[in-house]
Amino acid sequence: MSPSLTVRRIAADQGAVFRELRTASLREAPYAFGATLEDALSADAASFDAVAAEHAVSLSISTFILYTEGHPAGLVEAHFEEAPERRAFVCELWVAPAVRHLRGGELLVDTASGWLANEGATEIYAWVADSNRNAMRFYEALGFGPTGEHRRVARAPEQVESLLVRHVPSTSPALDQ
Ligand SMILES: CC(C)(COP(=O)(O)OP(=O)(O)OC[C@H]1O[C@@H](n2cnc3c(N)ncnc32)[C@H](O)[C@@H]1OP(=O)(O)O)[C@@H](O)C(=O)NCCC(=O)NCCS
């Protein structure tokens, strides 16, 4: 039987949970993120507490946590860029290997997208390394497509990442008029 998966926005007192998930993701999938495990391990606990406190209440940045049977098992960040376009992004997505292929990633991205849409986003963007074929196929399966924008991966300049986008479906008939 599949474990039941749920997603909730991070709470202000979940700095330790956030630190645990960030370090687990950087240890297990270092190729997928801009930061390194060393960065996370050398940061003090207070910095994770500060991020959790901000992401719990901010209108421009948040983190959502995946739970399996009540245990933290994944995360995603959602934020609006500070540039004038104020594009909406999902990033830092990770699902623990033990619960992959159970739609936890989809639940995380859809929940984060819903929050961004609620804050005004009409398109959701994600940077994905071209070499991360699993993530590329995952985002394509969720309806993300290429924007044509590419850049070098800051951590590994010999690699390229591509910007993907998914339009937020209009759910309100009033918005269609
Ligand atoms: C990418 C990742 C988040 C997917 O999480 P997940 O919970 O396993 O994904 P889901 O179960 O929600 O998958 C939804 C769909 O995406 C596609 N998909 C997911 N993983 C895939 C893979 N490894 N290969 C091909 N397609 C995949 C499938 O179409 C899947 O639907 P299906 O199971 O009905 O076929 C997870 O593999 C992960 O954490 N990877 C390491 C970190 C990473 O690469 N993060 C992304 C950084 S850009």
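What to know about the environment of G145
When you line up the elements, G145 lands in strand β6 (residues 145-153). What makes G145 exposed here is the crowd of 11 C-beta atoms within 10 Å. The sequence separation of G145 and R155 amounts to ten residues, and the corresponding C-alpha distance is 24 Å. Not counting residues up to four positions away in its chain, the partners in contact with G145 are L164 and V165.

Overview of the sheet that holds strand β4 (residues 88-95)
Through backbone hydrogen bonds, the strands of a sheet pair up, either in parallel or in antiparallel fashion. Read across the sheet, seven strands follow the order β1-β2-β3-β4-β5-β7-β6 without closing on themselves; strand pairing throughout is mixed. For this open sheet the edge positions go to β1 (5-9) and β6, each flanked by a neighbour on one side alone. Across the sheet, the mean angle from the axis of one strand to that of its neighbour is 25°, orientation sign disregarded. Where strand β3 (residues 71-80) meets β4, six bridges bridge the pair, whose relative direction is antiparallel.

Some points on unusual backbone geometry
If you check the backbone angles, E69 has positive phi at about 50° while not being a glycine. Within the secondary structure, E69 sits in the loop between β2 (61-68) and β3.

Side note on the site of the ligand
Surrounding the ligand, one finds 19 residues, the nearest of these being R100, G105, E106, N134 and A141. Within the residue set of the shell around the ligand, elements represented by two or more residues are β4, α4 (104-118) and α5 (133-141). Per-element tally for the shell around the ligand: the top contributor is α5, with five residues. Considering only residue class, the shell around the ligand consists of ten nonpolar, five polar and four charged.

What about the pairing of β3?
With eight bridges connecting them, β2 and β3 associate as antiparallel partners. Bridged to F64 within β3 is V76. Taken together, β2 and the strand that follows it, β3, pair antiparallel across an intervening segment of two residues, in which E69 is found at a positive phi of about 50°.

Quick word on α4
A rise of 1.5 Å per residue sets the reference length of α4, with its 15 residues, at 21 Å; its end C-alpha atoms lie 21 Å apart and thus fit the reference within 8%. Listing the buried residues of α4 in full gives G104, G105, L108, V109, T111, A112, S113 and L116. Those residues of α4 that are buried lie in contact with β1, β2, β3, β4, β5 (123-129) and α5.

Details of the environment of A52
Looking at the secondary structure, you find A52 in helix α3 (residues 45-57). As a C-alpha pair, A52 and G74 span 22 residues in sequence and 15 Å in three-dimensional space. Dropping the residues within four chain positions of it, A52 is found in contact with I10, A12, Q14, G15 and F18.

Concerning the nonpolar core
By size, the foremost hydrophobic cluster in this structure holds 32 residues, and its most contacted members are F64, L66, L75, V76, V90, L108 and A112. Put simply, the parts of the chain that give this core at least two residues each are α1 (15-28), α3, β2, β3, β4, α4, β5 and α5. The dominant element in this core, judged by the number of residues it contributes, is β4, at five residues. Setting aside anything within four residues of it in sequence, one finds A112 in contact with F64, V76, A78 and V90.

Structural notes on α3
For α3, spanning 13 residues, the distance from its first C-alpha to its last is 19 Å, which sits close to the expected 18 Å at 1.5 Å a residue. Of the positions making up α3, those classed as buried are F48, V51, A52 and H55. Looking straight down α3, one finds that the buried residues subtend no more than 100° of arc, so they occupy a single side. In α3, the exposed positions angled more than 90 degrees off the buried face are occupied by A46, A50 and V57. On its buried side, α3 packs onto α1 and β2.

Basis of the calculations
Starting afresh in each chain, residues are numbered from 1 along the sequence in its written order. pLDDT decides what is reported in this predicted model: residues at 70 or higher carry local features, side-chain atom pairs at 80 or more are listed and counted, and totals for whole chains, interfaces and linings draw on all residues regardless. A helix here means a DSSP run of H or I that spans at least four residues, while a strand means a run of E at least two residues long, and both kinds are numbered starting from the N terminus. Exposure classes come from backbone-placed C-beta atoms, where a residue is buried if 20 or more other C-beta atoms lie within 10 Å of its own, exposed if 12 or fewer do, and partly exposed in between. The contact rule is simple: place each C-beta atom from the backbone, and if two of them lie within 7 Å, those residues are in contact. One requirement defines pairing of two strands: DSSP has to find at least two bridges between them. Fitting a line to C-alpha atoms yields each axis, with helices limited to the stretch in contact; the angle taken between N-to-C directions then spans 0 to 180 degrees. Contact assignment follows one rule, namely that a residue is near a molecule or strand if its backbone-placed C-beta atom lies within 6 Å of it. Ten residue types, Ala, Val, Leu, Ile, Met, Phe, Trp, Tyr, Cys and Pro, are classed as nonpolar, four, Asp, Glu, Lys and Arg, as charged, and the remainder, Gly among them, as polar. Here the expected span of a helix is defined as 1.5 Å times the quantity of residues minus one. Nonpolar cores are identified as sets of buried Ala, Val, Leu, Ile, Met, Phe, Trp, Tyr and Cys residues joined via C-beta atoms within 7 Å. Comment: arc refers to directions from the helix axis out to C-beta atoms.

The values reported here are purely geometric and, on their own, carry no functional implication.
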